[in-house]
Amino acid sequence: QVQLAESGGGLVQAGGSLRLSCTASGIIFSIKTMGWYRQAPGKQRELVATITSDSSTNYAGAVKGRFTISRDNAKNTVYLQMNRLKPEDTAVYYCNADLQRGSLLPVQRYWGQGTQVTVSS
């Protein structure tokens, strides 16, 4: 079994910063892409940022220049540094990982349980 555990969410004022962490645990052979998504009330889940195993990154336009995704492969952990937060960043943030549990097994996507980020104006 594989689990993704997120931490670091909370309440912050507009203009502030938060750092989210997500660690994958269990039987893992290799992790390909890791990413962060978010879902605001009444809206669909949307991409925030992704990072590949060789640290190539991709960002949604709304967060580019304010958020930074990074990862520590030795710890199976992905981070999301969020600066200059805005009220519209308020959402539940989910991490995911595309990984193999064995060398002959297919790549599958796993999701964390989500962490709430609330930005007050």
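None of these values were measured; they are calculated from a predicted model. (Residues numbered from 1 in each chain as written. Predicted model: local features only at pLDDT ≥ 70, side-chain atom pairs only at ≥ 80, totals over all residues. Heavy atoms only, no water.)

S.K.: What should I look at first to understand the overall build of the protein chain in this one?
M.R.: Counting its regular elements, the protein chain contains zero helices and eleven strands. Mapped from its N terminus to its C terminus, the protein chain presents α and β elements in the order β-β-β-β-β-β-β-β-β-β-β. Sequence separation of 24 or more characterises 56% of the internal contacts of the protein chain that already satisfy a separation of 6 or more. Per element, the accessible surface of the protein chain, about 6400 Å² overall, is 48% carbon and sulfur. Here the protein chain holds 13 positive side-chain charges and 7 negative ones, and the gap between their average locations is 0 Å. (Helix = DSSP H or I, 4+ residues; strand = E, 2+ residues; numbered from the N terminus. Contact = heavy atoms within 4.5 Å. Areas by Shrake-Rupley, 256 points an atom, 1.4 Å probe, with all protein chains shown as cover. Lys, Arg positive; Asp, Glu negative; His and termini not counted. Charge placed at Lys NZ, Arg CZ, Asp CG, Glu CD.)

S.K.: I tried to follow the pattern of salt bridges on my own but got confused; where do I start?
M.R.: Any two side chains of opposite charge can pair, on the condition that their charged atoms come close. Overall, the coordinates contain four salt bridges when judged by the stated rule. For aspartate 89, the salt bridge goes to arginine 66, with nearest N and O atoms at 2.8 Å. Within this pair, whereas aspartate 89 is found in the loop between strand S8 (77-82) and strand S9 (91-100), its partner arginine 66 is found in the loop between strand S6 (57-59) and strand S7 (67-72), the two being separated by 23 residues in sequence. Measuring nitrogen to oxygen at the nearest pair gives 2.7 Å for the salt bridge that ties aspartate 98 to arginine 109. (Salt bridge = Lys/Arg side-chain N within 4 Å of Asp/Glu carboxyl O.)

S.K.: Would you mind going over the pairing of strand S11 (residues 115-120) with me for this structure?
M.R.: Consecutive side chains of a regular strand alternate in pointing toward one face of the sheet and then the other. Across the two faces of S11 the burial differs, with Thr115, Val117 and Val119 buried and Gln116, Thr118 and Ser120 not buried at all. Pairing analysis gives four bridges linking strand S2 (residues 10-13) to S11, with the strands arranged parallel. Note on S11: the bridge partner recorded for leucine 11 is threonine 118. Here three bridges tie S9 to S11, and the two strands are oriented antiparallel to one another. (Buried < 20%, exposed > 50% of the residue type's maximum accessible area, 1.4 Å probe, protein only. Pairing = 2+ DSSP bridges.)

S.K.: Any chance you could explain the packing of aromatic side chains here in plain terms?
M.R.: Any aromatic ring pair is given by two values, namely how distant the centres are and how the planes are angled relative to each other. Taken as a whole and judged by the stated rule, the model has one aromatic pair. Over the face of the ring belonging to tyrosine 79 we find arginine 19, whose NZ or CZ atom lies 4.1 Å from the ring centre. The positively charged end of arginine 45 is found above the aromatic ring belonging to tryptophan 111, 4.7 Å away from the centroid. (Phe/Tyr/Trp six-rings, centres within 6.5 Å; stacked < 30°, edge-to-face > 60°. Lys NZ or Arg CZ within 6 Å of the ring centre and 35° of its normal.)

S.K.: For this particular structure, what's the right way to read the environment of valine 63?
M.R.: Following the sequence through the fold, valine 63 ends up in the loop between S6 and S7. Note on valine 63: relative accessible area 1%, which makes it buried. The contacts of valine 63, once residues within four sequence positions are left out, are Arg38 and Val48.

S.K.: Sorry, what's going on with the state of the cysteines here?
M.R.: Linking two cysteines covalently via their sulfur atoms produces the bond known as a disulfide. Within the structure shown, the criterion is met by one disulfide. Covalently, cysteine 22 is tied to cysteine 95 through a disulfide, its sulfur atoms 1.9 Å apart. Because the sign of the S-S torsion sets the handedness, a value of about 45° for the bond joining cysteine 22 and cysteine 95 places this disulfide among the right-handed ones. Taken together, the residues span a long stretch of sequence, with cysteine 22 in strand S3 (residues 18-26) and cysteine 95 in strand S9 at a distance of 73 residues. One exposure class covers both cysteine 22 and cysteine 95, and it is buried. (Disulfide = S-S within 2.5 Å.)

The values reported here are purely geometric and, on their own, carry no functional implication.
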